[in-house]
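Spelled out, the chains give:
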Amino acid sequence: MSHLTSVTPDTASTGLGVRLGIPGYAHPLVAPAEWDALTLPGTPVHWAALNVNGGPGALPDPHCLEATGRLHTAGVRVLGHLDLARGTRPFGTLISEAHRYLDWYRVGGFLLARCPGERDALPEIRRLITTLRTLLGHGHIVLGHGTHPHPGYAENGDQLVTFSGTWNDYRWSQVAEWTADYPPERFCHFVHGIPHGHLDEALRIARWQGAGTIWFTDRTTRGGRTDPWEAMPGYWDDIVSRLGTGVSE
């Protein structure tokens, strides 16, 4: 079922009203061009997640400090990457990591990667989010489910990642009916393996399904050997021009 909520366009050229969410580039020392590209004027970035070493790392990383400093200066929101491992990681460990992200990198929120989506897990995730919001004061929480969770999660996160996967799965995907009760800016889609020739089709699906934040790439997992999110897509300039000039928050 297509999303029924109309999308207010950011620019007259696209009518899409979507911006980019970066789920986690490679380390700035390995991918300096990727991080630098996010600071260019007019790049429609909603937020970028920082994952130093499976989390914030044990000590402040000078390369990450430099990269995040440039993003802050450019007005790009930086999120700390917290891996919930589908609800199996201890609460105290996650809060400790959150403190390090805040103290060292001045993050403006968190991407809760591999967030569980079952109803039974909701109370513990709500407890985590409440604590993170107390630490942040004011911040942005993205729940990285990767699929449609129980609707109750929408009352807790600022955004929900309701799709994360391959282009082959995305082009045949269906949106949950309950998402029509919320505006598109509440939802994110991460899709890898999109050929350049299908980029327009992928953007139409995002519009129909009501996703206000996307990350589309032609990178693949190469049979599970690589992370498709760690580098910018080969058609970076094209997707930026199609989305048009955005204003980072």
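Residues numbered from 1 in each chain as written. Predicted model: local features only at pLDDT ≥ 70, side-chain atom pairs only at ≥ 80, totals over all residues. Heavy atoms only, no water.

## Here's the deal with the environment of Q174
- Inspection of the secondary structure assignment puts Q174 in the loop between α5 (167-170) and β7 (187-192).
- Of the residues examined, Q174 reaches a relative accessible area of 56% and is grouped as exposed.
- Between the C-alpha atom of Q174 and that of I205, which follows or precedes it by 31 residues, the distance is 9.8 Å. (Helix = DSSP H or I, 4+ residues; strand = E, 2+ residues; numbered from the N terminus. Buried < 20%, exposed > 50% of the residue type's maximum accessible area, 1.4 Å probe, protein only.)

## Brief notes about the packing of helix α6 (residues 199-209) against helix α7 (residues 236-243)
- Across the interface, α6 lies against α7 with an axial gap of 12 Å and an inter-helix angle of 40°. Judged by the inter-axis angle, α6 sits oblique to α7. Note that α6 runs across α7; the crossing there is right-handed. Between α6, through L199, D200 and L203, and α7, the contact on the second element is made entirely by D238, I239, R242 and L243.
- Of the residues in the contact of α6 with α7, the class split is four nonpolar, no polar and three charged. (Axes fitted to C-alpha atoms, helices over the stretch in contact; angles between N-to-C directions. Parallel < 35°, antiparallel > 145°, perpendicular 65-115°, else oblique. Left-handed = near helix turned anticlockwise from the far one by under 90°. Contact = heavy atoms within 4.5 Å. Nonpolar A, V, L, I, M, F, W, Y, C, P; charged D, E, K, R; others polar.)

## A closer look at the nonpolar core
- F110, L112 and F216 are the most contacted members of the largest nonpolar core, which has 72 residues in total.
- For F216, the contacting residues outside a window of four places in its chain are Y170, H189, V191, I194, L199, A202, L203, A206, P233, Y235 and I239. (Core = buried A, V, L, I, M, F, W, Y, C linked by side-chain atoms within 4.5 Å.)

## Comments concerning the packing of aromatic side chains
- On inspection of all chains with the given rule, the structure shows 14 aromatic pairs.
- Ring centres of W167 and Y170 lie 6.4 Å apart, and the angle between their planes is 50°; on these two criteria the pair is classed as tilted. Taken as a pair, W167 and Y170 lie in helix α5 at a separation of three residues, close to a single helical turn.
- What makes Y170 buried here is its relative accessible area of 0%.
- An aromatic cluster is defined as three or more aromatic residues linked by ring pairs; in this entry it consists of Y25, W35, W215 and W236.
- Looking at R127, its charged tip hangs above the ring of F91, at a distance of 3.7 Å from the centre. (Phe/Tyr/Trp six-rings, centres within 6.5 Å; stacked < 30°, edge-to-face > 60°. Lys NZ or Arg CZ within 6 Å of the ring centre and 35° of its normal.)

## Structural notes on the pairing of strand β2 (residues 45-50)
- When you tally the buried positions in β2, you get six out of six residues, the bulk of the element.
- Where strand β1 (residues 19-22) and β2 come together, three bridges link them in parallel fashion. Residue pairing across strands places G21 opposite W47, the latter belonging to β2.
- Crossover handedness for the path β1 to helix α1 (residues 32-37) to β2: right-handed.
- Note that β2 and strand β3 (residues 78-83) share three bridges and pair parallel. Within β3, the residue paired with A49 across the bridge is L79. (Pairing = 2+ DSSP bridges. Right-handed = clockwise from strand over helix to strand, strands pointing away.)

## Some thoughts on the confidence of the model for the protein chain
- Mean pLDDT over the protein chain stands at 91; residues scoring 70 or higher make up 92%.
- Every residue in residues 1-15 scores below 50 in pLDDT, and together they form 34 contacts with partners more than four places removed in sequence or on other chains.
- The low-confidence segment residues 245-249 (pLDDT under 50) makes 16 contacts with residues lying over four places distant or belonging to another chain. (pLDDT = per-residue confidence, 0-100.)

## A word on the pattern of salt bridges
- Scanning all chains against the criterion turns up nine salt bridges.
- Two residues, D36 and R70, come together in a salt bridge whose shortest N-O distance is 2.9 Å. With D36 in helix α1 and R70 in helix α2 (residues 62-74), this residue pair connects regions lying 34 residues apart in the sequence.
- Accessibility expressed as a relative area gives 35% for D36, which makes it partly exposed. (Salt bridge = Lys/Arg side-chain N within 4 Å of Asp/Glu carboxyl O.)

## Here's the deal with α6
- Among all positions in α6, only L199, A202, L203, I205, A206 and Q209 are buried. What you see down the axis of α6 is that its buried residues fit within an arc of 155°, all on one side.
- In this fold, the buried residues of α6 make contact with α5, β7, β8 (213-216) and α7.
- Looking one or two residues beyond α6, the residue adopting positive phi is G210, at roughly 75°. (Arc of directions from axis to C-beta.)

## Details of the state of the cysteines
- With the rule as written, the count across this model stands at zero disulfides.
- Free of any disulfide, C188 has its nearest neighbouring cysteine sulfur in C115, separated by 12 Å.
- Overall, the relative accessible area of 0% leaves C188 in the buried class. (Disulfide = S-S within 2.5 Å.)

## Concerning the pairing of strand β6 (residues 159-166)
- Taking burial as the measure, the eight residues of β6 include six buried ones, the bulk of the element.
- Two elements, strand β5 (residues 140-144) and β6, share two bridges in a ladder whose sense is parallel. Each bridged residue has a counterpart across the sheet, and for V142 the counterpart in β6 is Q159.
- Both β6 and β7 contribute to a ladder of six bridges, which runs parallel. Note that in β7 the partner of T166 across the bridge is H192.

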